[in-house]
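Residue strings, one per chain:
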Amino acid sequence: MYPTPIQDSSLPVRVGYRFVLYVAIAVWIAPLIAIVMTAIRAQGDLLAGNYWGMPQQFALVENFREIFASSPMGMFFVNSIVVTVTTVVGVLILSTLAAVALAKYPFPGRTLVFSMFIAGNFVPYQILMIPVRGIVLSLGLYDSIWALIIFHTAFQTGFATLFLRNFVVALPNELFEAARLEGASEFTIIWQIIVPLLRPALAGLSVLVFTFVWNDYFWALVLVQSDAAKPLTLGLAGLKGEWLTAWNLISAGSLAAALPPVVLFFLTQKHFVAGLTVGAVKS
Amino acid sequence: MSEKTEMADYADLAVVPRTRMQRVWETRAVWLTPLLLLAAPVSIFVLLIVIPIIQSIWISFYDWDGTGPASWVGLGNYAELFADPQFYVSLKNNVIWLLLFLLAPVVGLAIAVFLNQTLPEMRLVKSIFFIPLVLAHVIIGVVFTWFYDPTFGIIAILARAVGMTPPAILSNEHLVTFGIIAAALWSQIAFCLVLFLAGLSQLDDDLIAAGRLDGASGWPLFYYVVLPQLRPVTFVATIITVIMSLRNFDMIAIMTQGGPYGSSTVLAYQMFDATIFSYRAGYGAAIATVLFAIMSVYIAWFLRYTLKQEAAER
């Protein structure tokens, strides 16, 4: 165990450690505390100059009601949900197929396909921007949520394949052989044997892809324009200009945008972490 | 992969005697199945990722407003770019981003060592430290903009409390890039922290115990026993951090839109600005191509590492 377990240390060290730990948490999470406190604040607090102190009035519910009533936040929220969930489903299907092919079938060009998925995952968005915008325009999908769904599905498939492949490689070959001996077709094997075994990996992957797509700002900026198609990130950035001084409303909006990925993360932390560290450490 | 293992893989598929038709199908299945499996994912990836890269490079040789007719200018866009002072501002900022982002693995490792304890509350504590990772850059950008506000911001208030004139961080051309980087570092450190905590959990206890028996402790134990074992994680954390530093766009777009007077742009932002606001798609494509060329070095490095590891594991 490294470093030495704090339990083995003297009492002052143990107390000191906990003290430093809690101070560190408070400092680290200060930006989030600021959002929560500001989302609770009433407009009156801000007018009185109370930007960082304790909120004098509890206005969290009013602030939330206000943002959903006086702005298209509700619509942005629905857009974000539809884009993200549809993308996650599409990515899970495509990447499972690709991962099985890359992990369990030798074929010429396997390394090339694998490399394409890895490298594609890291390219700067700007090198894709003009042609992708062109494709979306020519399909008549510009300014619709489908533009976002299609692009995100393609892009995330690279990362997801890389991720799932590591798990499929680890499944024993005997499993496949036994099923084939019983006469199962390749697709039956994938659907009835591999997918159930991959369930934890698929759960972790879903949360990762959810977070990436939910938090996207660049592609929303490039591919959509009207409120009817804007996801939360883009909508929020627009409202920031409109509600210049209404920090409480922007905070409430930010909180609404932050909550789904944070909650999902807490629910599936183990898989999420395992997903991020694929390739860096052995699972 | 060696010839031998490849043959063995094929052999897996036909372990029992079969009828002739079955055998024909099976040998086909060996290449037909992966082909069918890969058809959809590879097509969509090639269409929307691979081909656009080539198209962008191609567009960079044209003078084009993005909608009208395009005219061939050869290396004209590049000649103009290399004479454009704004390009050097972006490039300089990219270098600052990259260098300061290297703090992320260092700080991330330090926090990981600090948090690698087994107290009962540790699971929750670690989760709290991971939160910035799942927050949208848009949200982080908004909060840090408030922190930096020269009138109401927390930094201004603290500065006034100690009798200093509050710095207008985001409207000062010398401070602005550092202000944005600080905000972006928050989530990048969290990313490195996740990797290093995973790395620390897999240290070889025997090696550490042996090191301690030999009297190593403190810095020598960390430097000679722990750090070498963390090499793969350190490599991945560092290279991904470098790639992320060059990809950053959201934070700049939210916090300053490249201002004041273009002093906080990076290549990624300058490209967007040229293409969308100045209607110069050809010029924008040239900027994107330069950024892509720079990043290719790191992407190739990462790819080589991953493929090597693959080969070693088989």
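Model, not experiment: these values are computed from the prediction.

Definitions and limits used
Residues numbered from 1 in each chain as written. Chains lettered and ligands numbered in written order. Predicted model: local features only at pLDDT ≥ 70, side-chain atom pairs only at ≥ 80, totals over all residues. Helix = DSSP H or I, 4+ residues; strand = E, 2+ residues; numbered from the N terminus. Buried ≥ 20, exposed ≤ 12 C-beta atoms within 10 Å, placed from the backbone. Contact = placed C-beta atoms within 7 Å. Rg over C-alpha atoms; globule rule 2.2 N^0.38 Å. Core = buried A, V, L, I, M, F, W, Y, C linked by C-beta atoms within 7 Å. Nonpolar A, V, L, I, M, F, W, Y, C, P; charged D, E, K, R; others polar. Domains from an automatic or database assignment. Expected span 1.5 Å × (residues − 1).

(A) Broad picture of the overall build of chain A. Helix and strand content of chain A: 15 helices and zero strands. In terms of overall dimensions, chain A has a C-alpha envelope of 75 × 65 × 35 Å along the principal axes. A buried classification covers 48% of the 283 residues belonging to chain A. Put simply, 76% of the contacts in chain A that link residues at least 6 apart link residues at least 24 apart.

(B) Examining the overall build of chain B more closely. Counting its regular elements, chain B contains 15 helices and two strands. Its C-alpha atoms give chain B a radius of gyration of 26 Å, clearly above 20 Å, the size a compact globule of 314 residues would have. With respect to the principal axes defined by its C-alpha atoms, chain B has extents near 85 × 70 × 30 Å. Expressed as a percentage of its 314 residues, the buried residues of chain B come to 40%. Sequence-distant contacts in chain B: of pairs separated by 6 or more residues, those separated by 24 or more amount to 66%.

(C) Expanded view of the nonpolar core. Counting residues in hydrophobic clusters, the biggest one holds 175 residues, and the most contacted among them are Leu148 and Phe151 of chain A together with Leu193, Phe196, Ile287 and Leu291 of chain B. The leading source of residues in this core is helix α9 (residues 176-200) of chain B, at 18 residues. What Leu291 of chain B contacts, discounting residues up to four positions off in sequence, is Pro124 and Gln126 of chain A together with Leu246, Leu267, Ala268 and Met271 of chain B.

(D) Summary view of the interface of chain B and chain A. On the side of chain A, 81 residues touch chain B, which itself brings 88 residues to the contact. Tallying contributions element by element places helix α2 (residues 20-59) of chain B first for the side of chain B that touches chain A, with 20 residues. Per-class residue counts for the side of chain B that touches chain A are 68 nonpolar, 14 polar and six charged.

(E) Looking closely at the domain arrangement of chain A. Residues and elements named next belong to chain A. Splitting chain A by domain gives domain 1 (6-67) and domain 2 (73-276). Placing a centre on the C-alpha atoms of domain 1 and another on those of domain 2 gives a separation of 32 Å. Counting residues per element, the ones that place at least two in the side of domain 1 that touches domain 2 are α2 (30-40), α3 (43-47) and α4 (60-70). Its residues assigned to classes, the side of domain 1 that touches domain 2 comprises eight nonpolar, three polar and two charged.

(F) Main features of the domain arrangement of chain B. Its domain assignment divides chain B into domain 1 (3-59) and domain 2 (77-313). Computed over C-alpha atoms only, the centres of domain 1 of chain B and domain 2 of chain B are separated by 38 Å.

(G) Here's a closer look at the environment of Asn116 of chain B. On the secondary structure map, Asn116 of chain B appears in the loop between α5 (103-115) and α6 (122-130). Here the alpha-carbon distance between Asn116 of chain B and Ala161 of chain B, two residues 45 residues apart in the chain, equals 36 Å.

(H) A look at α5 of chain B. All names here are of chain B. Under the 1.5 Å per step criterion, the end-to-end length of α5 is 18 Å for 13 residues, consistent within 8% with the ideal 18 Å. The set of residues buried in α5 consists of Ala104, Pro105, Gly108, Leu109, Ile111 and Ala112. Looking at the buried positions of α5, the neighbouring elements they touch are α4 (85-101), α6, α9 and α12 (231-247).

(I) Representation of helix α7 (residues 137-148) of chain B. In this model, α7 of chain B (twelve residues) spans 16 Å end to end at C-alpha, consistent with the 16 Å of a helix rising 1.5 Å per residue. Among the twelve residues that make up α7 of chain B, twelve are buried, leaving the element largely enclosed by the rest of the structure.

(J) Spotlight on the environment of Thr87 of chain A. Mapped onto the secondary structure, Thr87 of chain A falls in helix α5 (residues 73-104). Once residues lying within four places of it in the same chain are set aside, the contact partners of Thr87 of chain A are Ile149, His152, Thr153, Gln156, Val209 and Val213 of chain A.

(K) Structural context of unusual backbone geometry. Here Gly259 of chain B and Pro260 of chain B are connected by a cis peptide whose omega angle stands at -5°. Position of Pro260 of chain B among the secondary structure elements: in the loop between α13 (250-255) and α14 (267-277). Although it is not a glycine, Asp143 of chain A sits at a positive phi angle of roughly 65°. Mapped onto the elements of the fold, Asp143 of chain A is located in the loop between α7 (126-138) and α8 (145-170). What makes Asp143 of chain A partly exposed here is the crowd of 16 C-beta atoms within 10 Å. One non-glycine residue, Tyr261 of chain B, lies in the positive phi region at around 55°. Turning to its location among the elements, Tyr261 of chain B is positioned in the loop between α13 and α14. For Tyr261 of chain B, a count of 12 C-beta atoms within 10 Å puts it in the exposed group.

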